[in-house]
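What follows is each chain in one-letter form.
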Amino acid sequence: MRVGICDDDSKWYQCAKEIIEGYGKKTDTKIEILYFPQGESLETYEGDPMEAIFMDVDLGEESGIALAGKINKKWKSCQIIYLTNYLSYATETYHTAHTFFVLKEQFQDRIGEVFGKILHTIEQKSENLVFSAIGGKEVVLAPEDILYFERKGRETGIHTCWGVYAVWDKLQTLMERLPILD
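All values derive from a computational prediction rather than experimental measurement.

*Asks:* Please clarify how the packing of aromatic side chains should be interpreted in this entry.
*Replies:* We describe a pair of aromatic rings using the distance from one ring centre to the other and the angle between the two ring planes. Tallied over the entire structure, the rule returns seven aromatic pairs. Plain terms: the ring middles of Tyr-13 and Tyr-35 are 3.8 Å apart, the flat faces sit at 25° to each other, and that makes the pair stacked. Of this pair, Tyr-13 sits in helix α1 (residues 10-27) while Tyr-35 sits in strand β2 (residues 32-36), and the two are 22 residues apart along the sequence. Where Phe-54 meets Phe-107, the ring centres are 5.6 Å apart and the plane angle is 65°; that geometry is what we call edge-to-face. Of this pair, Phe-54 sits in strand β3 (residues 52-56) while Phe-107 sits in helix α4 (residues 107-124); the two residues are 53 residues apart in sequence, bridging distant segments of the chain. There is no split in this pair, since Phe-54 and Phe-107 are both buried. Through successive ring pairs, a cluster of aromatic residues spans Trp-12, Tyr-23, Phe-54, Phe-107 and Phe-115.

*Asks:* I would appreciate a short explanation of the pattern of salt bridges in the present structure.
*Replies:* A side chain of one charge can pair with a side chain of the opposite charge when the charged atoms of the two come close. Throughout the structure, instances matching the rule amount to seven salt bridges. Of the charged contacts in the structure, one is a salt bridge between Arg-2 and Asp-48, with a shortest N-O distance of 3.6 Å. Taken together, the residues Arg-2 in strand β1 (residues 2-6) and Asp-48 in the loop between α2 (39-43) and β3 connect sequence positions 46 residues apart. Here Arg-2 falls in the buried class, since its relative accessible area comes to 18%. What makes Asp-48 buried here is its relative accessible area of 15%. With a closest N to O distance of 2.8 Å, Lys-104 and Asp-7 form a salt bridge. Taken as a pair, Lys-104 in the loop between β7 (100-103) and α4 and Asp-7 in the loop between β1 and α1 lie far apart in primary sequence, 97 residues in all. Pair check on accessibility: Lys-104 and Asp-7 agree, each one buried.

Cut-offs used in this document
Residues numbered from 1 in each chain as written. Predicted model: local features only at pLDDT ≥ 70, side-chain atom pairs only at ≥ 80, totals over all residues. Heavy atoms only, no water. Phe/Tyr/Trp six-rings, centres within 6.5 Å; stacked < 30°, edge-to-face > 60°. Helix = DSSP H or I, 4+ residues; strand = E, 2+ residues; numbered from the N terminus. Buried < 20%, exposed > 50% of the residue type's maximum accessible area, 1.4 Å probe, protein only. Salt bridge = Lys/Arg side-chain N within 4 Å of Asp/Glu carboxyl O.

Pasting the structure below:
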């Protein structure tokens, strides 16, 4: 599982990272954690898909809520978990699709609930496609994250909102049913 933490406070990031890693060890769940110290680094991220983003509501001059709205549009299957010091933001978060709202002081106590909800949501949206990418990497993609396929010689590029994945041209049957750019 790949998750991100978007928070401008590096000390809180370390704390949240330790809590998430502790949960992973306790439940024998492999969790890769990415750090985004400001909204811009998250917006320009082009790596592999993340299942969840732990989003600070107050990112200095930026609003984590506004950033979450952009994430909702860009990566439809990525879940937002708001982390904040201020309960007063709770009603503002309902303008975006999100999985959980947690006060930072309660994060340690609620980590099981949070991941329970993340995993339940993933299970409900379990219609994913698995591809063996060139280089031996396995890529799991939600259908809504795939923008289009592009064939070049013996390779097919799977263009997604997360980036482009190259696979050997074994997708003939699937590609015959989907729009392709040549």
